[in-house]
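Structural characterization, general
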Amino acid sequence: MPKDHGIGASSKRREDIRFLTGRGAYTDDLAMQGQVHAVMVRANVAHGRIVSIDTSAAAAMPGVLAIFTGADFADVGGNPAGWLIHSRDGSPMREPKRPVLAHGKVRHVGDAYAAVVAETHEQARDAAEAVAAGTEIEELPAIVDMAGAVANADNRVHDEIPDNLCFDWGWIEANRDAVDAAMKAAPHVTTLELVNNRLVPNAMEPRASIGEFNPGTGDYKLTTTSQNPHLTKLLVCAFVLGIPEHKLTVVAPDVGGGFGSKIYHYGEEALVLAAAKKLGRPVRWTAERSESFLTDAHGRDHVTTIEVGATLDGEILAIRTNTLANVGAYLSNFSTATPTFLHGTLMAGPYKVPHVYVNLKAVFTNTAPVDAYRGAGRPEATYSLERAIDKMARELKLDPVAVRRKNLLTPDQFPYTTPVGLVYDVGNYQATLDKALDMADLAGFEARAAKSRAAGKLRGVGLSTWIEACGIAPSHLVGQLGSRVGLYDAATVRVSATGTIQVMTGAHSHGQGHETVFAQVVAEKLSIPEGAVEIVHGDTSKIPFGMGSYGSRSLAVCGSAMDRALDKIIAKGKKIAAHMLEAAEGDITFENGSFSVAGTDKAKSFGEIAFSAYVPHNYPLETLEPGLEETAFYDPNNFTYPAGAYLCEVEIDPDTGKVTICSFTCADDFGNVMNPMVVEGQVHGGVAQGIGQALVEHTAYDENGQLLTASYMDYTMPRADDVPFYQVDHSCATPCTHNPLGVKGCGEAGAIGSPPAVVNAVIDALHRAGMTHVTHIDMPLTPARVWGAMQA
Amino acid sequence: MYNFEFAKPATITDAVKALAAEDAQALGGGQTLLPTMKQRLASPATLVSLNAIPEMIGVCVNDKGEVCIGGATTHATVAQEARAHYPGLAALASQIGDPAVRNRGTIGGSLANNDPSACYPAAALGSGALIKTNSRDIAADAYFQGMFATALAPGEIITEVRFPVPQKSNYQKFVQPASRFALVGVFVAKYADGVRVAVTGASTDGVFRWAEAEAALSADFAKGAIDALSPPKGDMIADLHGSADYRAHLVKVMTGRAVAAAG
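Worth saying up front: this structure is predicted, and the values here are computed from it rather than measured. Throughout, residues of each chain are indexed from 1 in the direction in which the sequence is written. Ligands are numbered from 1 and chains lettered from A, in the order in which they are written. This being a predicted model, a pLDDT of at least 70 is required before a residue's local features are given, and a value of 80 or more before pairs of side-chain atoms are given or counted; all residues contribute to the totals for chains, interfaces and linings.

Moving on to the overall build of chain A. Broken down by element type, chain A carries 19 helices and 28 strands. Two things to know: the radius of gyration comes from C-alpha atoms, and the globule rule equals 2.2 Å times the number of residues to the power 0.38. Against the globule reference of 28 Å for 792 residues, chain A gives a C-alpha radius of gyration of 27 Å, in line with a compact fold. Its C-alpha atoms put chain A at 85 × 75 × 50 Å along the principal axes. Residue burial is a threshold on neighbouring C-beta atoms within 10 Å of the residue's own C-beta, all placed from the backbone, with 20 or more meaning buried, 12 or fewer meaning exposed, and counts in between meaning partly exposed. Expressed as a percentage of its 792 residues, the buried residues of chain A come to 57%. Helix numbering and strand numbering both begin at the N terminus, where a helix is a DSSP run of H or I of at least 4 residues and a strand a DSSP run of E of at least 2.

What follows is the structure in C-alpha cells.
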C-alpha cells in the first residue's frame, strides 16, 4: 500500500490549485498604485558603436516621464560574473563590465542602450521608437562564429579583449601530459567533433520586473521573475546600484518557469529600481516574447572535439576534449562556471577512467549571453562522452551496452575520486542499467525492428549511462574553484501557538512543487498533517537568506537546512516537555508527534508543546526563551551524484528523414525520493527538454548576428506529439551519504541524460539499415538533417 | 500595435466602400494580420472586418455540383460542412493550424494573403477553383502570382470560392516543425478530364502545379506512376528548415503519398 502522506507519498501538488485555476500571482499580474511603464530600446544590429542618441523628440511625446541611456549608468557598477576562472597560464579571465544599459557600443541584437518610462505602455513604446529613430549606430562587423572570433584579433566584441577570449582553461592541467601519453599509447582512439546546440530557455512566463521606491523611508522594493531573489538583491546592492542591503527587498512571487534563465540578474531589474527612485512611482517592465528570445541568457553552445583512447576490447584508457564555449556578448552571472566546473569535472562520467583532460576556451561573440540552462554544463559533458563511447563501440564492433558495462564503476569502488576533481560518494550504475534494459525490453528489440522494417521504417535503439554532480554546492570546494559566493542554503521553521508551521526557505519554487514536497518532509518529521505546514519562499524580507533554486539543489541543500532547523525545533520541544513532564531532558523521546518520557505513558503532543512555548505559564523561563522558531543554514560537504541509464527507441521515415521516438525509458538513482509523482514529473519535463534539444530546438544566428529563430514560427519547441509516454523508474536508489534526507536531486537529470540516447538511437537505426557512413549528425536531428545525412 | 479605426460592415457593398478609405485594410480571421500589427510591422488606419457579412459566410453546393464557400467562412466550418461534398478539401481545412486558428482563420483571408506555405492555395489551385470577388471571377490558374502576390486589386474582396469536386483527392502536408505550416504540401485531385497536382511550401514562386506529375498521373493514377520522375525543377525555398533539394524531394514523396491516400 503506497503511502498517502509524508515522505514517499505522491501527494498532489497543492500549488496547482492556484496555477491551474488562474489564481497564480505572477509579476505582471501585480498592479501597483501610480505605476508607470518602462520599455527598453534595443539594438537591431549585433555589433555597433553608438555615435549619438538624441532623445529630444521622444522626451516631448505624450506621457513620457523619463528617458535613460547608458550614460546615466556610466558611474554605477556592473553586473559581475559569479566565478573567477583562471586560464592555463595562471592569468585571470577577461572580465568586461556588463553595464545596466549599453554604453559606447552595442554588442548583440537586443542589447538595450536606452529605456523610456511613460504613463502607459503604448506611450513608452511609441517614445522608444522615437529614441531608436534618433540614435545613430555605426555598424561594425558582427562576430558570430567562435573559431573566427578567436582567430580575428582586430574585430573585438570588447575593445580591450584582443582575441575575444575570456579564458583558456585546462582541467586538470597537471593531467595533460599523462593524458597525451595515454592517448598516444592507446590501441584505438575514437575522435568525434560535435556541436552542442545553443538553446533558448523559453520559460512560459517572460521576464518581468517592478521597481518601487518609498521617498519617505528610502526603501526600495524589486518584484521580479527570479529563481534566487537573495542573489539578485546581493548583486543589485553590492555590485550594480550600491543600494544598502537593508534598504532593498526583492520579491519573486509566482514564477512561471526559469530553467536557469531566471537565476541571473538582468539590467532591466536595475533600470526599474533606478527609474522608481527618480520618479517616485512604481516602474514596471515586462518582456515581450521577442525580447525573451533575444535577451534571456541562452544555454549550451559548445563546439567540441572529444577523443577516447581505448583497448581493442573497449576499456577506456583516456579521454581528452577540446571545446570552444560561447559566452555571448557579456558574462552572465554563472556563465564562467557552467562550461568549466559544471562541465569539465563531469568528463569522466560514471566510468573508471585513469586519464582525463579537458581544455575549454570561452569566447565572446555578438550573440545573447550564454549561461546555465537545465543541466548546465553536465548535458554538454554527457553528450560528448556518451556519443563518443557509442562511436568507439561501433568502430571496435563491440556492443555499446557491453562497453559501458565494462567501464562503469562498481558499487564496491565508492567513494571514488575521479581524475577531474570529484569524489563520487555512492552509486550502483549496473543496477540502473539492468533496470533500464529490462523495462525497455531490449531483448525484444529485434522483433520490433522487423515490424518497423515491414512498415518501411528504420528502427534503432540508443543508450546513455549518465551521471551528474548537483546539490550545488560545497562552499569550501567552490571557493577554491573560483566561486565568489557560498552555495549553502537556509530555512526558518516557525511553529505557531496552535502548532501549525510556516517554513521560510531560501530555495525558490518556480514550478518544481516545493510547497508540496517540503511540507511532506516537515509533516513526516513532526508527524503532523501536511495541511498544517505552509512553505514560504521568494521574499527576502521574510526569509533568512538563500541561494535559490538551480543545479537540482533545493531539496539536497535547502531541504537539509530545513531538516536541521526541524532538529532544533524537536530539541527545544524536548526541553519544554522535560519541564512540563517533570523529567530529565535526556529521558524525553519524540516519536509519532509526541514528546514522551521513555518507559512511561507520560506524554505531551507536539501541539501542546507549541502552545506552551507561546503561552509559557508552565515553562522553564529561567533557562529557555519562549517561542518556537529555529533557523538553520546548511552547507553540503560534497556534491550529490544522481546517475542513471536512459534507453531510447526511434523509428526513422527514410523518405522524409523524420525521427519518431517510439519509447523512452529512464532508470534513475536519485537517492531517497520524497514524492514519486513530483519526481516523475521532473523527469518527464527534463526528458522533454532533452528530446527538444536532440530533435527540434535550433538557435541560429546569421552572419550578421541576426537571430533567425527569434519566434515560435522558426524556433521549435517539443510538443506533446513529439514525445512518447515515458517509462520512468527510480527504484534503484542508493541514498546520498552526506545529507540528512539521503536525497540527490532530480530536476536536471532528464535534460542531461536524454540527448545522447536519442542521437545514439538515430545513428543505430541508420547503421542497421546499412548506412554506416553516417557516424554522427549534429543536433537538432531535424528531418532535413537526417535525410541530408542519409544522402551523403 | 498602433491605434486604428475599426469598421464592421454588414454588406459587401459597405465593405468595399470602407476599404476605399486611405490605408484601409481588410480583416479576415486576422491570423496573419493581427500578429503583424502587434509587432508594429503593419499599421493600417482602418481595419475593415469581413466577418459580419452574412452573404460571405457558409458552404453550399450549386447547380453545377461545385462546392461554394463564402470568403469569410472559417476553416473549422469548411472542415465540418464541406466534408460530405468534398472530403479532400474538408480534410485539408481540418489540418490548418490548431483549433484556435481554424475557428478564426478564413478561406478568403488565406487566399488573399497567399502565404507560400499556406494550405488553401494548394487546394484552390489543385482544384482549378474559381475565385469570385466583389467585381469579377478569377480562375485559380490566373490568381496566384508568387509569394504573397495575387491577382487581387487593392480593396478587392474575395466573396466566394467555387471548387469543382474531383473524383478523388488528397492533401499531404509535411510540416515545418516550428510553425507547422507546410514545409511541403501537395494537393492531388483526379477529375474526369485529368489530374491536377498543386504544391505549396516548396517554391520561391509560391504555390505551383507540377506539370510532369499531372501528365503521368492523368495517364495512370497510381503512386508508382511518378516513380520515374525527377523531383520538380524551379526555385525551391532553402532555409533553416530544409534545403532546396530536400524540398524538391519532399514534393515527390508527398505527391506519391497523396495519390496513395486518394485511393
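Following the structure, the description resumes.
Moving on, we get to helix α4 (residues 87-94) of chain B. Every buried residue of α4 of chain B is listed here: G88, L89, A90, L92 and A93 of chain B. Placing C-beta atoms from the backbone, we regard two residues as in contact once those atoms come within 7 Å. Summarising the contacts, the buried residues of α4 of chain B are in contact with β5 (67-70), α3 (75-81), α7 (120-127), β8 (158-163), β9 (168-175) and β10 (182-191) of chain B.

In this section: the interface of chain B and chain A. Tallying the contact residues gives eleven residues for chain B and 16 residues for chain A. A per-class count over the side of chain B that touches chain A returns seven nonpolar, four polar and no charged. Residue type decides the class: Asp, Glu, Lys and Arg count as charged, Ala, Val, Leu, Ile, Met, Phe, Trp, Tyr, Cys and Pro as nonpolar, and the leftover types, Gly among them, as polar.

Let us look at the domain arrangement of chain B. Domain ranges listed in this record stem from an automatic or a database domain assignment. By domain assignment, chain B separates into domain 1 (5-49), domain 2 (59-163) and domain 3 (168-262). Distance between the C-alpha centres of domain 1 of chain B and domain 3 of chain B: 34 Å.

Our next topic: helix α9 (residues 211-219) of chain B. Three or more residues of α9 of chain B are buried, namely A213, E214, A216 and L217 of chain B. Taken together, the buried residues of α9 of chain B touch β11 (194-200), β12 (208-209) and α10 (244-262) of chain B.

Residues and elements named next belong to chain A. In terms of burial, strand β10 (residues 219-224) is largely enclosed, as five of its six residues are buried. At least two bridges found by DSSP between two strands is the condition for calling them paired. Relative to β10, strand β9 (residues 208-214) runs antiparallel, the two sharing six bridges. What sits directly across from S209, in β10, is T224. A crossover gets the label right-handed when its path from the first strand over the helix to the second runs clockwise, viewed with the strands pointing away from the viewer. For the crossover from β10 across helix α6 (residues 229-240) to strand β11 (residues 248-251), the handedness is right-handed.

Let us now look at the sheet that holds strand β13 (residues 302-310) of chain A. All names here are of chain A. Taken in spatial order, the five strands line up as β7-β15-β14-β13-β8 in an open sheet, and their pairing is mixed. The open sheet terminates on both sides in strands that have one partner only, identified here as β7 (165-171) and β8 (188-196). On average, adjacent strands in this sheet sit at an angle of 10 degrees to one another, irrespective of strand direction. Of the pairings in the sheet, the one linking β13 to strand β14 (residues 316-328) comprises nine bridges and is antiparallel in character. Bridge pairing links G309 to A318 in β14. Fitted lines through C-alpha atoms give the axes, limited to the stretch in contact for helices. The angle between two N-to-C directions lies from 0 to 180 degrees. Sheet strands in contact with helix α9 (residues 378-395) are β8, β13 and β14, and its direction is about 140 degrees off that of β8.

Moving on, we come to the sheet that holds β11 of chain B. All names here are of chain B. Within the open sheet, the four strands sit side by side as β9-β10-β11-β12. Their pairing is antiparallel. Pairing within the sheet leaves two strands with one partner each, and these edge strands are β9 and β12. Sheet topology note: the β11/β12 ladder contains two bridges and is antiparallel. Along β12, the bridge assignment pairs A198 with R209. With respect to the sheet, α4 is in contact with β9 and β10, its orientation differing from that of β9 by roughly 20 degrees. Its contacts with the sheet place α10 against β9, β10 and β11, and it is angled at close to 40 degrees to β10.

Residues and elements named next belong to chain A. Among the ten residues that make up strand β15 (residues 355-364), nine are buried, leaving the element largely enclosed by the rest of the structure. Pairing between β7 and β15: six bridges, direction antiparallel. Among the inter-strand pairings, W171 is bridged to a residue of β15, identified as V358. Pairing between β14 and β15: ten bridges, direction parallel. By the bridge assignment for β15, T321 is matched with V358.

With that settled, the discussion passes to unusual backbone geometry. The omega torsion of the bond from W171 of chain A to I172 of chain A falls at -5 degrees, within 30 degrees of zero and hence cis. By the element assignment, I172 of chain A lies in the loop between β7 and α5 (176-185). For the bond running from I472 of chain A to A473 of chain A, omega is 0 degrees, close enough to zero to count as cis. Considering the arrangement of structural elements, one finds A473 of chain A in the loop between β18 (458-467) and α13 (475-480). At R40 of chain B, a residue that is not glycine, the phi angle is positive and equals roughly 65 degrees. Phi angles above zero are rare outside glycine, and N114 of chain B is one such case at about 50 degrees. Structurally, N114 of chain B can be placed in the loop between α6 (107-113) and α7.

On to the environment of R719 of chain A, then. All names here are of chain A. If you trace the backbone, R719 turns up in the loop between α17 (676-696) and β28 (726-729). The exposed category is assigned to R719, around which 12 C-beta atoms lie within 10 Å. Sequence separation between R719 and Q512 is 207 residues; the distance between their C-alpha atoms is 20 Å.

Our focus in this paragraph is the nonpolar core. Throughout this description, the term nonpolar core refers to a group of buried Ala, Val, Leu, Ile, Met, Phe, Trp, Tyr and Cys residues whose C-beta atoms join them within 7 Å. Membership of the largest hydrophobic core comes to 316 residues, with the highest contact counts inside it found for A38, A115, V116, V758 and V762 of chain A together with V199 of chain B. If you tally residues by element for this core, the top one is helix α15 (residues 554-580) of chain A, at twelve residues. Leaving out residues up to four positions away in the same chain, V116 of chain A has contacts with A38, V39, V41, A58, V64, I67, A124, A127, A128 and V131 of chain A.

Residue and element names in this part refer to chain A. Domains assigned within chain A are domain 1 (27-140 + 204-257 + 262-295), domain 2 (396-470 + 638-791) and domain 3 (488-634). Here the C-alpha centroids of domain 1 and domain 2 sit 38 Å apart. Residue-level contacts link seven residues of domain 1 with seven residues of domain 2. Across the side of domain 1 that touches domain 2, the residue classes break down as four nonpolar, three polar and no charged.

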